[in-house]
Amino acid sequence: MTQAHAVASWDPAPLVLAGVGLALILFAQAFARLRRRGRADHAPWSRVALFVLGLAVLTLPLVSPLDRIGEEDLLSAHMLQHMLVGDAAPALLLVALRGPLVFFLLPGAVLAFLARLRPLRGALSFLLLPRVSLAVWAAVFAVWHVPAAYDFVLTRPLIHDLEHATFLVAGLLAWNQLVDPARRGALTVPGRVAFAVGLFASGLVLSDILIFSFDPLYEAYASQNDLLGISPLTDQRLAGLAMMLEQTVTLGVCVAVLLRAHLRRAALA
């Protein structure tokens with residue numbers, strides 16, 4: 001891909017934009033309902049900024065030239081896309097929704113209808129078990145990055161879209177344990193720190209494989225000529241470093257915030 005082609009390769013991705021539009025509508029009505037009730041303390045404008053930022057971090061990797069570059073040229077660009085969709089965006093969205101906002105996200109009638117669906121409630125209860133959420137996140141990232149699966153997905157757009165959807169779902173499950181937006185209390189603060197360590201360790205396995213392999217693992221990129229002076233093997237190692245760096249930043253900030261709040265409460269006790 002030429003650089004001019006890459007810059008011009010924005011993809012409107014109607015399903016992505018429709019999902020983002022629906023998310024904005026749901027957030028806006030939840031935000032307005034809380035403020036009408038006089039609870040601006042639970043719906044400050046900073047939450048709007050966080051939610052919009054989360055949607056931007058989710059959307060731009062899927063519609064910008066990063067998507068095309070990741071598919072056709074650079075494994076490191078593709079890995080960055082995966083980490084933004086499956087890690088950074090879910091973190092920002094759930095931080096924005098924490099507290100009462102998460103309960104107002106769906107209109108009351110819709111929430112009541114979903115609550116009556118026993119199979120759905122059972123499935124969510126199972127998926128929200130901390131060990132299950134961690135296992136789902138680790139499995140999703142591991143399976144989709146198996147070389148055979150990875151190369152298979154690149155030539156099948158519908159499967160590729162499914163891959164991105166599973167990254168988002170897995171990320172929401174994992175970060176729900178860390179942010180705990182509904183205040184379920186499934187994990188104590190030490191438990192959430194341990195969960196973050198488990199997430200980092202799971203990602204570290206994949207990033208180490210990419211960094212320390214002696215040969216390119218993905219045929220789709222191994223056959224590429226050097227792009228911007230980056231060889232396929234260097235690109236692969238950059239992909240591993242991108243995953244490690246993104247998790248270090250997101251999970252490091254999360255753990256720091258959790259420990260700071262925990263120590264502050266302990267000092268006041």
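Given the structure is predicted, the values throughout are model-derived calculations rather than measurements. (Residues numbered from 1 in each chain as written. Predicted model: local features only at pLDDT ≥ 70, side-chain atom pairs only at ≥ 80, totals over all residues. Heavy atoms only, no water.)

Caption draft 1: Focus on the side chain of Glu 246. Looking at the secondary structure, you find Glu 246 in helix 14 (residues 232-268). In contact with Glu 246, other than residues within four places in its own chain, are Met 83, Asp 87 and Ala 88. (Helix = DSSP H or I, 4+ residues; strand = E, 2+ residues; numbered from the N terminus. Contact = heavy atoms within 4.5 Å.)

Caption draft 2: Structural detail: the packing of aromatic side chains. This structure, assessed with the given rule, holds seven aromatic pairs. Seen in terms of ring centroids, Phe 27 and Phe 31 are 6.0 Å apart; in terms of plane orientation they differ by 25 degrees. Their pairing is stacked. With Phe 27 and Phe 31 both in helix 2 (residues 14-36), this residue pair falls four residues apart, about one helical turn. The pair Phe 27 / Phe 31 is uniform in exposure class, with both members buried. Measuring from ring centre to ring centre gives 4.7 Å for Phe 141 and Phe 167, while their planes differ by 40 degrees; the resulting arrangement is tilted. (Phe/Tyr/Trp six-rings, centres within 6.5 Å; stacked < 30°, edge-to-face > 60°. Buried < 20%, exposed > 50% of the residue type's maximum accessible area, 1.4 Å probe, protein only.)

Caption draft 3: Inspection of a nonpolar patch on the surface at higher detail. Together, Phe 113, Leu 117, Leu 120 and Leu 124 line one region of the surface with nonpolar side chains, adding up to about 320 Å² of accessible area. Tracing the backbone through its elements, the reader meets Phe 113 in helix 7 (residues 108-115). (Patch = residues over 30% accessible without salt bridge, like charges linked within 9 Å, V, L, I, M, F, W, Y side chains within 5 Å. Areas by Shrake-Rupley, 256 points an atom, 1.4 Å probe, with all protein chains shown as cover. Salt bridge = Lys/Arg side-chain N within 4 Å of Asp/Glu carboxyl O.)

Caption draft 4: Local environment of the side chain of Gln 236. With respect to the helices, strands and loops of the structure, Gln 236 is situated in helix 14. Since its relative accessible area comes to 2%, Gln 236 is described here as buried. In this structure the side chain of Gln 236 is engaged in a polar contact, spanning 2.7 Å, whose partner is the backbone nitrogen of Leu 217. With sequence-adjacent residues up to four places away left out, Gln 236 is seen in contact with Leu 75, Leu 210, Ser 213, Asp 215, Pro 216, Leu 217 and Tyr 218. (Polar contact = N/O pair within 3.5 Å; in protein donor to acceptor, adjacent residues only side chain to side chain.)

Caption draft 5: Inspection of the pattern of salt bridges at higher detail. Within the structure shown, the criterion is met by two salt bridges. With a closest N to O distance of 2.6 Å, Arg 39 and Asp 41 form a salt bridge. Since its relative accessible area comes to 49%, Asp 41 is described here as partly exposed.

Caption draft 6: The arrangement of the nonpolar core in detail. Residues Met 79, Trp 137, Trp 175, Leu 178, Leu 199 and Met 243 are the most contacted members of the largest nonpolar core, which totals 40 residues. Elements represented by at least two residues in this core include exactly helix 3 (45-63), helix 5 (75-97), helix 9 (130-144), helix 10 (147-154), helix 11 (157-179), helix 12 (189-212) and helix 14. Per element, the largest residue contribution to this core is eight residues, and it comes from helix 5. Apart from residues no more than four positions distant in its own chain, Trp 137 is found in contact with Met 83, Gly 86, Asp 87, Ala 170, Gly 171, Ala 174, Leu 199, Ser 202, Gly 203, Met 243 and Gln 247. (Core = buried A, V, L, I, M, F, W, Y, C linked by side-chain atoms within 4.5 Å.)

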